[in-house]
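Residue-level listing of the chains:
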Amino acid sequence: MRKRGMGLATMVATSAGLALASSSYAAGIQAAGVASGLWVVLAILVGGIVTMATALNFSELAAMYPNAGGVQVYVRHAFGRGMSVTVTLLYVVLGWAGGSAESYIFAQALTYLARAGHVPVLSQVPPLAWVALTLAGFYVVNLFGVELAGMAQTVMTFSMIGLLIAVSIFAWTNASASDWHGVLTTPFPHWGFLMGIAYTVYMYVGFEWITPLSEDARDKRVVPRALPITVLILAVCYALFTGAMVLTVPLPDLAASPVPHMVFAQAFGGVPLVLIVGLISILATFTFFNGGMMGNSRLLYAMAREGILPKALSRVHLRFFTPWVALSVMFAVQFVLSTIVTLTGAYVVPILLAALIESFVYALIGLTVFILRRREPATDRPVRVRGSVLALGSFVVFLALGVSLMFPPSPPAVPLIFFVAGTACFLYAHFVAPRFEERASRVAPRT
Amino acid sequence: MESPLYLALQEFTVKAQADKTVVKMLRDWDRMIHIESTDGDSFTLSVADRRVTVLEGLHAERDIALVAPSATLIGVFTGALNPAREFAAGQLKFVGSNKDEMKLDAIVQLIWG
């Protein structure tokens, strides 16, 4: 009697769509800056391998607890409620950080596109106006509860992946001998290579946000299978495209722009390629915000419903059935942060902040798998990688990557904001949230 | 003899039908909601033409399913338990679309506050 749920292709498309963002290309070039040119391709692939370990950890947990709870449920089982709430709040901060970088970079891409296409009216629109229009557009779409159908999401994401791979192969095969000579003579960067891997963590951010969809899947093997497949696809796409950019355009030119993908398109293929890459960028931002803004507002809403956050955030719009207060708060905070990033141009800070938060979440997930194998050995595990090397290994590796992101060349604002936000989330989860919960439980139900 | 879960669902449907806002929300929302107890009888809440009725057993193709132990389901439908907390704790499973989830939760909030 059960209806058909989401299949593997739709789940992979949803997962990849959440991770593929316009800001990922800027992150790739920042990684190339520290990992010395074409070594970034190896850094992205190594980043993909360690993220694959995390994907397998998530697969084990998603198959263990297919009850639409996601990370907060896994962490709660291993570490208790306080840590679970801390991690959930940090996810909200991560969403804001990623959204700030994404809206700024998307605005810059639109401006670039308008100038390249010689559309004078659009090219004179200030970036802040593009940021406001972009965020307002996604706010309204989410407020009205417009959801991208599974098939549309699948077609959109795979079109984007196909275009990315085609453009990349075109660039790799048409690179000149001097291009190859320039990048192949670059010495191995050692410490910079580790930093490069850490920077690439941002490129995979969000792939795991499909774990709460386990119950919507056709069967309970879909999400555990989709996670590693998505990481593999992302690693190949990012490695090919970032490599194509670095191979054909001087790195300083790419690194000087928040939209290196557009700079690459202009330099390598002129206006036609700018239009194609511009389209990829629009699709990437759409799939990023389509799931991201709604997902984050739902996190706030769910925490408010549990009594962890103020009750006002749990209000539902009675016509569109969307969490309009949570969504409005998300939008307001996102707009303020995006404005700050736009006015300062400091887009690298939110990118590295998101990578730092995600590194610690991935480390925690590795530890969660290790702890739960000992604490709940009898729980059914339809997906399980033998031994503890993967779980403990990903804990150690992501902890190291997270720590490395706190040191130069990361801007000092990155560790500073991380510590302030992390401490605030921890204190709220352990000292304020219990009071809210107690107050909520004192309200007698109307029976 | 009718089970406690059946009585809880009956009470819920009476309250839902008595609330004008809830009845208004049920417009164009015909759904078969499976209430699947993991340790007892299961029921179906049938929403059709703004009317909610309780049916014994699992009827027709479901649009939404709520799966939990009987005590949890009774607690949720009598307002004694917070469904969001039960969901987060892994005690209550929801199967269905995001929109249906929000609508059902909005109805529960309207009835129980």
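Coordinates for the structure precede this section.
Residues numbered from 1 in each chain as written. Chains lettered and ligands numbered in written order. Predicted model: local features only at pLDDT ≥ 70, side-chain atom pairs only at ≥ 80, totals over all residues. Heavy atoms only, no water.

*Asks:* How should I be thinking about the overall build of chain A in this particular structure?
*Replies:* What chain A contains, in helices and strands, is 17 helices and zero strands. Principal-axis analysis of the C-alpha atoms gives chain A an extent of 75 × 55 × 50 Å. The contacts in chain A between residues at least 6 apart in sequence include a share of 84% that link residues at least 24 apart. Carbon and sulfur atoms make up 72% of the accessible area of chain A, which totals about 17,000 Å². Each charge sign in chain A was given a centre, from 25 positive and 15 negative side chains, and these centres are 9 Å apart. (Helix = DSSP H or I, 4+ residues; strand = E, 2+ residues; numbered from the N terminus. Contact = heavy atoms within 4.5 Å. Areas by Shrake-Rupley, 256 points an atom, 1.4 Å probe, with all protein chains shown as cover. Lys, Arg positive; Asp, Glu negative; His and termini not counted. Charge placed at Lys NZ, Arg CZ, Asp CG, Glu CD.)

*Asks:* I'm lost on unusual backbone geometry in this one. Help?
*Replies:* Note on backbone geometry: most residues besides glycine have negative phi, and most peptide bonds are trans. The omega torsion of the bond from P408 of chain A to P409 of chain A falls at 15 degrees, within 30 degrees of zero and hence cis. Among the secondary structure elements, P409 of chain A is positioned in the loop between helix 16 (389-404) and helix 17 (413-442). Of note, the phi angle at D49 of chain B is positive, near 50 degrees, even though the residue is not glycine. Despite not being glycine, A60 of chain B has its phi angle at roughly 50 degrees, a positive value.

*Asks:* Looking at this structure, how should I read the packing of aromatic side chains?
*Replies:* Each aromatic ring pair is specified by the distance between its two centres and by the angle formed by the two planes. Residue and element names in this part refer to chain A. Taken as a whole and assessed by the stated rule, the structure comprises 22 aromatic pairs over all chains. Their ring planes at 90 degrees and their centres at 6.1 Å tell us that Y204 and Y238 sit as a pair that is edge-to-face. Remark: Y238 occurs in helix 11 (residues 222-248) and Y204 occurs in helix 10 (residues 191-204); sequence separation between them is 34 residues. For the residue pair Y204 and Y238, the accessibility class agrees, reading buried in each case. Aromatic pair F288 and F289: ring centres 5.2 Å apart, planes at 85 degrees, arrangement edge-to-face. The buried category is assigned to F288, whose relative accessible area is 12%. On the accessibility criterion, F289 (3% relative accessible area) is buried. Within the aromatic cluster, the residues linked to one another by ring pairs are Y25, F170, F241, F264 and F268. (Phe/Tyr/Trp six-rings, centres within 6.5 Å; stacked < 30°, edge-to-face > 60°. Buried < 20%, exposed > 50% of the residue type's maximum accessible area, 1.4 Å probe, protein only.)

*Asks:* Quick question: what am I supposed to make of helix 1 (residues 4-18) of chain B here?
*Replies:* For an α-helix, 3.6 residues make a turn, and residues three or four places apart therefore share a direction. Between the first and last C-alpha of helix 1 of chain B there are 21 Å, a value that for 15 residues agrees with the 21 Å anticipated at 1.5 Å per step. At its buried positions, helix 1 of chain B is contacted by helix 2 (20-25), strand 1 (31-37), strand 2 (43-48), strand 3 (51-56), helix 3 (70-78) and helix 5 (98-112) of chain B. (Expected span 1.5 Å × (residues − 1).)

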